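What the coordinates show
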Amino acid sequence: MHGKIIVYSDQTGIGKIITPERKKYNFSVDEWDDYETTPSVGQIVAFEPEGINARTIRVTSSPEPSSPEEAPAKERENEPLQPPLPDETEADEPAWIPELDMEVEACIELHFSDIRKRVGESRDLLGESRRLDFIRMQRFLTTAYNNLIEIDHSFENYELAEIRQDLLDAHDVYRAFKSKTDYVQNAYEQVFLSKQSRYRELRAKLELNKSRIAKLGESAANLEAEIREKGERLKRLPKQSDEYIYLFNEIKILKRSMVDAIHEIAKLTEENRLYIDMLDNFYKMHYDRFKASFAEFVETYDALLRKVQDVLAYKFDALMWKKANRSRPIQTFFAKAGILDEFSAITYMKYYLKTLDSSKLNQQNQELMELMQYLEAQTKKRVVCIDDDSEFLAMVKSTLGEIDREIKVVLSTRPEAVLPDLKNLQPNILILNPSMRGVESESVIGYARKIVPEIEIAFFAKRISRELLLFAKECNVAAIIPKTLHQNELAEQLKQYID
């Protein structure tokens with residue numbers, strides 16, 4: 001067989017030959033049979049193949065053409081299963097593209113199946129609109145809860161403990177999800193690459209070769225030290241003695257073993273270069289697609305998990321203060337503290353902040369001041385009312401003002417006049433008359449929910465028919481407020497709904 005020397009080191013005596021079929025063979029200078037020349041890069045040589053090694057090498061000036069079909073059957077049997085290492089001239093050839101065991105989207109869904117199940121089990125909570133930012137409120141809620149228990153040791157009951165545990169569990173799930181999704185590179189390895197058998201196989205081969213190279217390197221170093229030590233002994237022996245001949249042959253065998261170890265290291269190192277290139281190609285090929293799909297999944301489920309815990313935070317806060325209102329020890333404590341408002345997070349925080357010196361607030365208390373502003377903003381209702389009866393709208397506005405002067409009310413007889421301002425208004429509630437002429441109620445509701453996803457929808461109606469009830473159910477409408485009520489009755493209905 002013929003080929004060209006493409007690598008050779010005078011220091012190690014190790015080289016590499018490539019054939020016209022792009023097969024590569026390792027060789028040692030010990031196999032060099034041409035006594036008139038020494039190996040050098042670019043020489044055309046003839047040799048005998050033995051596995052991946054070349055034996056009996058000599059220089060020739062006229063290489064015989066050969067093809068894969070003409071190669072002996074034994075050689076074809078020994079060809080590697082993986083693609084050959086590309087030479088510099090093969091740069092334009094297509095890269096190796098393995099089949100995937102599982103597509104990107106399927107890997108993400110499988111890896112986070114527990115999260116998807118958790119969200120699916122929380123549909124009722126996701127349908128709720130009232131929520132508190134638990135991450136912002138967590139410290140305050142815990143403090144208030146513990147303080148209320150100290151005031152009234154019988155304050156905690158099963159219902160309160162259960163919803164609190166649900167809230168803490170939801171927060172643990174959210175934190176775990178965040179920790180798994182904060183670094184996309186780590187997620188790429190764990191979520192996608194770990195599920196591809198060919199990638200795992202290549203990684204395993206790479207690590208095995210590294211281990212073998214380390215052991216062979218250690219063995220070669222030990223052999224080199226032994227050869228050096230025996231060589232020193234050899235210098236002191238008479239050349240014709242039996243001990244000299246024995247030691248000379250022993251050194252020769254040791255050198256052969258060392259060369260074989262170095263040879264094997266070179267072969268394994270080249271294999272690893274191939275594996276690294278293949279792994280790198282695999283990694284880069286799918287990373288951008290994974291990154292885009294993963295970001296979309298994380299954005300969706302981050303919002304859903306956050307809403308679950310925030311809705312539970314609202315429920316826990318509401319139940320806690322509802323029970324506090326019924327506790328005689330807590331009532332007594334608040335009365336002595338001069339807290340006359342209805343018990344709530346805001347009233348309790350106002351009481352706590354009053355005890356602080358505003359000129360000496362630490363970082364934690366500064367955060368409480370910001371939290372107070374957040375809670376006040378949460379409690380200020382913003383209501384948009386749309387009806388074709390301007391007198392009725394005026395009565396609604398007056399009634400809402402009597403219920404709570406902090407409520408911001410926006411009135412309109414034409415949806416097209418108020419809908420463009422929804423983004424700025426960010427209303428909590430939209431009350432619409434679905435029977436208005438020329439108004440597509442379904443489109444108005446859909447637009448409002450698109451702009452303000454958490455908005456609550458209610459209807460004004462002169463007559464509550466079966467068709468209206470079905471339409472209200474279909475649109476997930478929270479309440480239907482009759483227009484035929486007297487002002488006192490209307491006030492009661494609106495207060496009950498808004499509260």
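This text goes with the structure placed above it.
Residues numbered from 1 in each chain as written. Predicted model: local features only at pLDDT ≥ 70, side-chain atom pairs only at ≥ 80, totals over all residues. Heavy atoms only, no water.

Looking at the packing of helix α2 (residues 104-111) against helix α3 (residues 113-120)
Think of two packed helices as two axes; the pair is described by the angle between the axes and how far apart they sit. At a minimum axis separation of 4 Å, α2 and α3 run at an interaxial angle of 65°. Comparing their axes, α3 and α2 come out roughly perpendicular. Contacts from Glu109, Leu110 and His111 of α2 reach α3 at Ser113, Asp114 and Arg116. (Axes fitted to C-alpha atoms, helices over the stretch in contact; angles between N-to-C directions. Helix = DSSP H or I, 4+ residues; strand = E, 2+ residues; numbered from the N terminus. Parallel < 35°, antiparallel > 145°, perpendicular 65-115°, else oblique. Contact = heavy atoms within 4.5 Å.)

Considerations on helix α18 (residues 487-498)
Side chains of residues three or four places apart in an α-helix project in the same direction, reflecting 3.6 residues per turn. Here α18 contains twelve residues, and its C-alpha end-to-end distance of 16 Å stays within 8% of the 16 Å for a straight helix at 1.5 Å per residue. All of the buried residues in α18 are Leu490, Ala491, Leu494, Tyr497 and Ile498. Looking down the long axis of α18, one finds its buried residues gathered within 135° of arc, a one-sided arrangement. Counted as exposed and oriented over 90 degrees from the buried face of α18: Asn488, Glu492 and Gln496. Looking at the buried residues of α18, the elements they touch are α13 (390-403), β8 (429-432), β9 (456-461) and β10 (479-482). (Expected span 1.5 Å × (residues − 1). Buried < 20%, exposed > 50% of the residue type's maximum accessible area, 1.4 Å probe, protein only. Arc of directions from axis to C-beta.)

A short note on the environment of Phe333
One can find Phe333 in helix α10 (residues 328-336). Judged by its relative accessible area of 30%, Phe333 is partly exposed. The spacing of Phe333 and Ile151 is 182 residues in sequence and 7.5 Å in space, taken between C-alpha atoms.

What to know about the pairing of strand β3 (residues 24-28)
The buried fraction of β3 amounts to four of the five residues, a majority that puts the element mostly inside the structure. Pairing between strand β2 (residues 14-18) and β3: five bridges, direction antiparallel. Residue Gly15 lies in a different strand from β3, and its bridge partner there is Phe27. Linking two consecutive strands that pair antiparallel, namely β2 and β3, is a turn of five residues; a positive phi of about 70° is found at Arg22 within it. (Pairing = 2+ DSSP bridges.)

Some thoughts on helix α16 (residues 441-451)
For α16, every residue scored as buried is listed here: Ser441, Val444, Ile445 and Ala448. Taken end-on, α16 shows its buried residues confined to a sector of 95°, consistent with a single buried face. Projecting away from the buried face of α16 at angles above 90 degrees are the exposed residues Glu442 and Lys450. Of the surrounding elements, those touching the buried residues of α16 are α14 (415-418), α15 (422-425), β8, β9 and α17 (466-474).

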